[in-house]
Structure formats: C-alpha cells, structure tokens
Protein chains: 2
Amino acid sequence: MSVYTPAEVVEETGFSIDTLRYYEKIGLLERVDRNAAGQRRFSQEDVGWLGMVRCLRDTGMPIATMLRFAELVRAGDHTIPDRIELLEEHERQVQAQIANLAERQSYIHHKISYYRSLL
Amino acid sequence: MSVYTPAEVVEETGFSIDTLRYYEKIGLLERVDRNAAGQRRFSQEDVGWLGMVRCLRDTGMPIATMLRFAELVRAGDHTIPDRIELLEEHERQVQAQIANLAERQSYIHHKISYYRSLL
DNA sequence: GGTTGACCTGGAGTGCGCTCCAGGTGAGAT
DNA sequence: ATCTCACCTGGAGCGCACTCCAGGTCAACC
C-alpha cells in the first residue's frame with residue numbers, strides 16, 4: 001500500500017500541486033488522505049485515477065464531463081454500462097478531432113507548398 | 001470583385017459576427033471596407049484570409065501567433081521564408097497533437113474493453 | 001409614416017481552467 | 001534555536017477568446 005507525497009504526484013502525473021488541490025476542491029479527485037500534519041498522502045488509486053483524468057483532459061474533455069464520469073465511478077459497478085457509453089461517445093469525439101486535424105494539416109501543407117513555389 | 005455582407009461571411013466562415021468584429025479590432029483582420037451607411041462589406045480576400053484563420057485556429061494556434069503571421073503577410077513577399085518557417089513549425093505541432101490524440105485514444109479504447117470485460 | 005431588421009460603436013462581462021497569494025504549520029538540517 | 005522547506009487553507013486574480021449589451025443608424029417593406 002504505497003502512498004505518494006504531493007511532490008511525487010506532481011512528478012508522476014504532470015499536474016501542478018495547485019491543479020491537484022483544485023481537482024480535489026471541485027470533487028474531480030476524492031478527498032485525499034492527510035498525515036498527522038495535515039499534508040496530503042495520495043494512494044495508488046488516486047494516482048491511477050489521475051492518469052485517467054490526464055488522458056481525458058488531454059483529449060479535450062471538459063471538467064464538467066469528467067466530473068460526471070467521476071460520479072459514475074464512485075456510484076459503483078452498476079454504472080459500468082453508463083461509463084462505457086460516456087467513453088465511447090468521447091472516443092468518437094477524439095476520432096473526429098484527429099480527422100479534423102489531419103484535414104487541416106493538409107491545408108497547411110498545401111499552403112507551405114504554395115509559398116515554396118513563390119520562391 | 002464580389003463583396004460579402006456580414007451575414008454572408010458568418011455563413012461562409014462559421015465565425016460569429018462578434019468574432020469577426022473582434023478579429024478586426026485586434027488586427028487579425030485588416031480594416032474591412034464599409035458602405036455609405038458604415039456597414040462592413042468584406043472582400044473576397046477577407047473571406048480567403050478568414051479561411052486561413054479558421055484553419056490555424058482550429059489547429060490550436062494562439063491568436064498572438066496568428067497575429068504574427070498576419071503581420072508577415074502584410075509586410076510583403078520578402079517575408080515568405082518566415083511564413084514558411086512559421087507554418088512548418090505549426091505543422092509539426094499539429095502532427096504532435098495528432099500523435100498524442102491517437103495514443104490517448106488507444107488508452108480510452110483499452111479502458112472501454114476493460115469495462116466490457118466486467119459485464 | 002411606423003415598424004422591423006440588419007447592422008454599427010465602445011466597452012463591460014463571461015466561462016473555463018487554472019494560478020497565485022497571504023498567512024500559517026510542522027519536520028528536519030546546521 | 002533558528003532556518004529552510006514542503007506543505008496547508010481560503011480566497012482572489014489571471015489569460016484567453018470570445019460574447020453580450022446599451023444605445024444608435026439606416027433601408028426597406030407594409
């Protein structure tokens with residue numbers, strides 16, 4: 001049962017300490033354990049969850065949606081179908097983002113070619 | 001020499017009228033012509049430029065960078081190498097975004113599979 | 001000639017996602 | 001013993017990119 005100090009979690013997850021506190025404040029992260037001095041001691045589970053949060057955040061999921069997902073996770077196993085649905089919808093959006101970026105990229109590429117043709 | 005009313009440009013570009021005014025105000029769009037009544041009449045060139053702006057914006061370029069690009073365009077043909085450099089750098093970033101999204105997507109996909117295995 | 005509707009201006013307000021700050025605690029090193 | 005350092009709390013502030021608002025103009029249709 002390993003625990004992590006704030007500095008370790010910052011290192012592992014890439015979130016700033018302020019962001020971690022913010023996530024806890026808004027409930028995206030469940031109340032983190034404290035030691036006798038009141039300092040946070042993150043569990044393995046916390047760190048794992050933060051990995052998921054990073055993935056969702058980096059793929060553009062708004063905090064409000066992550067919060068909904070967090071609530072489903074907390075509500076227990078009977079919400080697994082709902083979680084699947086939420087993630088599938090998100091995956092479709094990620095797919096759409098990729099397709100969109102690829103299209104824009106080719107536009108940029110053509111623009112570069114055009115500029116090159118002027119030299 | 002076709003001209004476009006604000007409503008037509010909104011339709012064509014997908015930018016809101018407020019956004020178009022904002023872009024003009026900050027200089028991302030050069031001062032647009034007005035008719036006798038002071039209403040905007042966008043040129044073909046304006047609309048073309050807005051297409052580029054949409055592409056850059058939708059690929060995550062910050063306004064400050066688009067502004068730099070706009071200044072290069074206005075400064076004349078001798079800035080073409082600089083424009084190529086700016087766009088190439090941006091293209092690399094878009095490529096990185098795509099790669100990153102693809103990786104995250106596979107994480108999400110695995111998570112969905114895991115959830116499915118629990119049903 | 002009254003009303004509607006598209007448009008104008010300058011400037012204030014908004015939403016998101018953090019980020020920073022003041023003032024404080026407790027543990028460990030010199 | 002004092003200093004540094006990592007951390008704490010509640011709350012204010014920030015940067016970005018818009019978005020909205022009040023008060024007004026003008027043209028066109030009934």
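These lines cover the structure that appears in this document, whether it is placed above or below. Residues take numbers from 1 onward in each chain, read along the sequence in its written order. Written order determines the labels here, with chains lettered from A and ligands numbered from 1. At least 70 in pLDDT is required for a residue's local features to be given in this predicted model, at least 80 for side-chain atom pairs to be given and counted, and no such filter applies to totals for whole chains, interfaces and linings, which use all residues.

Thoughts on the overall build of chain A
Our working definition: A run of DSSP states H or I qualifies as a helix once it reaches four residues; a run of E qualifies as a strand once it reaches two. Both are numbered from the N-terminal end. Every radius of gyration here is taken over C-alpha atoms, with the globule rule written as 2.2 Å times N^0.38, N being the number of residues. Any residue surrounded by 20 or more other C-beta atoms within 10 Å of its C-beta is treated as buried, while 12 or fewer makes it exposed and the intermediate range makes it partly exposed; C-beta atoms here are placed from the backbone. Distance between backbone-placed C-beta atoms decides contact: two residues are in contact if it is within 7 Å.
Looking only at helices and strands, chain A features five helices and three strands. Since a compact globule built from 119 residues should have a radius of gyration of about 14 Å, the 20 Å found for chain A marks it as more spread out than a globular shape. Projected onto the principal axes, the alpha-carbon positions of chain A cover approximately 70 × 35 × 25 Å. Burial status across chain A gives 17% buried among its 119 residues. Counted over contacts in chain A with a minimum sequence separation of 6, partners at least 24 positions apart contribute 50%.

A short note on the sheet that holds strand S3 (residues 40-43) of chain A
Residue and element names in this part refer to chain A. Inclusion rule: Two strands are counted as paired when DSSP detects at least two bridges linking them. Note on definitions: angles span 0 to 180 degrees between N-to-C directions of axes, and those axes are lines fitted to C-alpha atoms, for helices only across the stretch in contact.
Taken together, three strands build an open sheet; the order of strands is S1-S3-S2 and the sheet is antiparallel. The strands lining the two open edges of the sheet, one partner per strand, are strand S1 (3-4) and strand S2 (33-34). Summarising the sheet, S1 and S3 pair through two bridges and their orientation is antiparallel. Following the sheet pairing, Val-3 is matched in S3 by Ser-43. Along the sheet, helix H3 (residues 44-58) contacts S1 and S3; its crossing angle with S3, the most-contacted strand, is approximately 75°.

Regarding the protein's contact with DNA strand D
Worth spelling out the cut-off: Whether a residue is near a molecule or strand depends on its C-beta atom, generated from backbone atoms, being within 6 Å of that molecule or strand.
Taken together, 18 residues lie around DNA strand D, and A:Ala7, A:Gln39, A:Arg40, B:Pro62 and B:Ile63 are the ones closest in. Of all the elements in the fold, those that place two or more residues in the surface near DNA strand D are helix H1 (6-13) and helix H2 (17-26) of chain A together with helix H2 (17-26) and helix H4 (63-75) of chain B. Tallying contributions element by element places H2(B) first for the surface near DNA strand D, with three residues.

Structural notes on the relation of the copies chain A and chain B
What counts is decided by this rule: When the copies are overlaid, the least-squares fit takes in C-alpha atoms only where the residue has pLDDT of at least 70 in both copies.
The two copies are related by a screw operation: chain A maps onto chain B through 180° of rotation and 0.0 Å of translation along the axis, at an RMSD of 0.0 Å. The transformation relating the two chain copies, once decomposed into turn and shift, fits a two-fold axis. If distances are taken from each C-alpha of chain A to the rotation axis, the shortest is found for A:Ile98, at 2.9 Å. Mapped onto chain B, 100% of the interface residues of chain A are again interface residues, and the two copies thus contact each other with one and the same surface.

A look at helix H5 (residues 80-117) of chain A
Operational definition: Each helix should span, by expectation, one fewer than its residue count multiplied by 1.5 Å.
Taking 1.5 Å per residue as the helical rise, H5(A) with its 38 residues ought to reach 56 Å, and the 55 Å between its terminal C-alpha atoms agrees with that figure. Buried positions along H5(A) lie against helix H3 (44-58) and helix H5 (80-117) of chain B.

Things to note about the protein's contact with DNA strand C
Here is the rule: All amino acids are sorted into three groups, where Ala, Val, Leu, Ile, Met, Phe, Trp, Tyr, Cys and Pro are nonpolar, Asp, Glu, Lys and Arg are charged, and the leftover types, Gly among them, are polar.
Near DNA strand C you find 16 residues, and of these A:Pro62, A:Ile63, B:Ala7, B:Gln39 and B:Arg40 are the closest. Contributions of two or more residues to the surface near DNA strand C are made by H2 of chain A together with helix H1 (6-13) and H2 of chain B. Among the elements that take part in the surface near DNA strand C, H2(A) stands out by supplying three residues, more than any other. Across the surface near DNA strand C, the residue classes break down as seven nonpolar, five polar and four charged.

Brief notes about the pairing of S3(A)
All names here are of chain A. Of the two faces of S3, only one is covered, namely that formed by Arg-40 and Phe-42; the face formed by Arg-41 and Ser-43 stays uncovered. Relative to S3, S2 runs antiparallel, the two being bridged by two bridges. Bridging from a neighbouring strand, Arg-34 pairs with Arg-40 of S3. Hairpin geometry of S2 and S3 is characterised by an intervening segment of five residues between the two adjacent antiparallel strands and by a positive phi of about 85° at Gly-38.

Some remarks on the interface of chain A and chain B
The interface of chain A with chain B comprises 28 residues on the first partner and 28 residues on the second. At the level of elements, H3 and H5 of chain A are the ones that each hand at least two residues to the side of chain A that touches chain B. Class assignment of the residues belonging to the side of chain A that touches chain B gives a composition of 14 nonpolar, seven polar and seven charged.

Re the environment of A:Asp33
All names here are of chain A. Tracing the backbone through its elements, the reader meets Asp-33 in strand S2. Owing to 12 C-beta atoms within 10 Å, Asp-33 belongs among the exposed residues under this scheme. Residues Asp-33 and Ile-112 lie 79 residues apart in sequence; the distance between their C-alpha atoms is 53 Å. Not counting residues within four places of it along the chain, the set of residues in contact with Asp-33 comprises Arg-41 and Ser-43.

Don't take any of this as a statement about function, it's just geometry.
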